[in-house]
Amino acid sequence: MSEIISVSHLTTQYTQGVTIHEDISFSVKKREIFGILGGSGSGKSTLLRNMIYLQRPVSGQIQIFGRDIWELEDSKRHLVLDRCSVMFQFGALFSSMNVLDNVGMPLVQRGNLPQKHINEIAAFWCERVGLPTQSVYKYPYALSGGMKKRVALARALITSPDILFLDEPTSGLDPKSAQNFDTLILQLKEMLNITIVMVTHDLDSIRDSIDRFILLENKKIAFCGSLEQLRASGVRTEIFSGNRGERILDSRG
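Everything quoted here is computed from the prediction, not taken from an experiment. (Residues numbered from 1 in each chain as written. Predicted model: local features only at pLDDT ≥ 70, side-chain atom pairs only at ≥ 80, totals over all residues. Heavy atoms only, no water.)

### Here's the deal with the overall build of the protein
Tallying secondary structure elements over the protein gives nine helices and ten strands in all. Projected onto its principal axes, the C-alpha positions of the protein cover 55 × 45 × 40 Å. Per-residue burial for the protein yields a buried fraction of 49% across its 253 residues. Counting every atom, the protein has about 12300 Å² of accessible surface; 47% of that belongs to carbon and sulfur. The average position of the 29 basic charges and that of the 27 acidic charges among the side chains of the protein differ by 2 Å. (Helix = DSSP H or I, 4+ residues; strand = E, 2+ residues; numbered from the N terminus. Buried < 20%, exposed > 50% of the residue type's maximum accessible area, 1.4 Å probe, protein only. Areas by Shrake-Rupley, 256 points an atom, 1.4 Å probe, with all protein chains shown as cover. Lys, Arg positive; Asp, Glu negative; His and termini not counted. Charge placed at Lys NZ, Arg CZ, Asp CG, Glu CD.)

### Quick notes on the pattern of salt bridges
Within the structure shown, the criterion is met by nine salt bridges. Here Arg56 ties to Glu71 by a salt bridge, and the two come within 3.5 Å at their closest N and O atoms. Of this pair, Arg56 sits in the loop between α1 (44-51) and β4 (59-64) while Glu71 is found in the loop between β5 (67-68) and α2 (74-81), placing the two residues 15 residues apart along the sequence. Take Arg56: its relative accessible area is 48%, and that puts it in the partly exposed class. In this structure, Arg77 engages Asp74 in a salt bridge whose closest nitrogen and oxygen atoms are separated by 2.6 Å. (Salt bridge = Lys/Arg side-chain N within 4 Å of Asp/Glu carboxyl O.)

### Points about the environment of Glu71
By relative accessible area, which is 57% here, Glu71 ends up exposed. Considered as a pair, Glu71 and Gln61 are ten residues apart in the sequence and their alpha carbons are 8.6 Å apart. A polar contact of 3.5 Å, which involves the side chain of Glu71, links it to the side chain of Arg56. (Polar contact = N/O pair within 3.5 Å; in protein donor to acceptor, adjacent residues only side chain to side chain.)

### Some thoughts on the sheet that holds strand β2 (residues 19-29)
The four strands lie next to each other as β2-β1-β4-β5, forming an open sheet whose pairing is antiparallel. The open sheet has two free edges, formed respectively by β2 and β5, since each of these has just one partner strand. Strand direction decides the pairing type here: strand β1 (residues 3-13) and β4, joined by five bridges, are antiparallel. Among the inter-strand pairings, Ser6 is bridged to a residue of β4, identified as Gln63. Across the face of the sheet, α1 comes into contact with β1, β2 and β4 while running at roughly 60° to β2. (Pairing = 2+ DSSP bridges. Contact = heavy atoms within 4.5 Å. Axes fitted to C-alpha atoms, helices over the stretch in contact; angles between N-to-C directions.)

### Some thoughts on unusual backbone geometry
Backbone geometry places Ser160, a non-glycine residue, at a positive phi of 55°. Its location among the elements puts Ser160 in the loop between α5 (145-157) and β7 (163-167). For Ser160, a relative accessible area of 51% gives the class exposed. One non-glycine residue, Glu168, lies in the positive phi region at around 45°.

### A word on the nonpolar core
Grouped together as the largest cluster of nonpolar side chains are 46 residues, with contacts concentrated most on Leu153, Phe213 and Phe240. Counting residues per element, this core draws most heavily on α5, which supplies seven residues. Setting aside anything within four residues of it in sequence, one finds Leu153 in contact with Met87, Val129, Leu164, Leu166, Phe181, Leu184, Ile185 and Leu188. (Core = buried A, V, L, I, M, F, W, Y, C linked by side-chain atoms within 4.5 Å.)

### Structural notes on the packing of helix α3 (residues 99-110) against α5
It is the contact of α3 with α5, at a shortest axis distance of 7 Å, that shows an interaxial angle of 30°. When the axes of α3 and α5 are compared, the pair comes out roughly parallel. In this structure, α3 meets α5 at a crossing whose hand is right-handed. Where α3 abuts α5, its residues Val99, Asn102, Val103 and Pro106 lie against Val151, Ala154 and Arg155. Classifying every residue of the contact of α3 with α5 gives five nonpolar, one polar and one charged. (Parallel < 35°, antiparallel > 145°, perpendicular 65-115°, else oblique. Left-handed = near helix turned anticlockwise from the far one by under 90°. Nonpolar A, V, L, I, M, F, W, Y, C, P; charged D, E, K, R; others polar.)

### Description of the pairing of β1
Direction of pairing for β1 relative to β2: antiparallel, over a ladder of seven bridges. By the bridge assignment for β2, Gln13 is matched with Thr19. Linking β1 back to β2 in an antiparallel pair, the connection comprises five residues, with Gly17 at a positive phi of about 90°.

Right under this line is the structure:
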């Protein structure tokens, strides 16, 4: 598989001058599910913001589709970013809009389709992510946590992105709902042939759905590879230090 994202010698700091990432490098391959892992405060979400053009790094390069997003002219940057989509951790749904309008909003913002067609496409994606037909006219306050996640996912997919960024997609879900969401992500990846970059600390998601991942620790990348490679390496990091982590690392899974 060819590289679709390349991060080279990236250093990131908070405004107070506190360094979060120091000279980190990794790549994401086309059509894989790639995880960004680490404990609280390790800079997972900060790295995601670097990659989706929300927070500029101090130094280094982030290339997506072979182009450095932080060096592109404003007039050309959308050609890269329009091929990417993001599902934020808490859904970021508009409370004043029903499900159908929330999902269709990215197409409304692009302004090149009539509302009737937008509604039809939004309804299609609602069905594709497993939302009940009767739920499309409900408002966010009437949805369960799992349903809100699916609405946010449908909205992220409606533009048919080549790369989908997921920020803690199973955070706040009960174990069964989290497992169902992981299964859905795997199905969509196979069905749509998209690349998925997932920020997570969910050990079950790491085991069940991620192809490769990086582990962020002490401003550096402590490990990069697959779970099988981590098991074979003998590397032990903070996120795998508890009983659950040890069970995940067990060769029997």
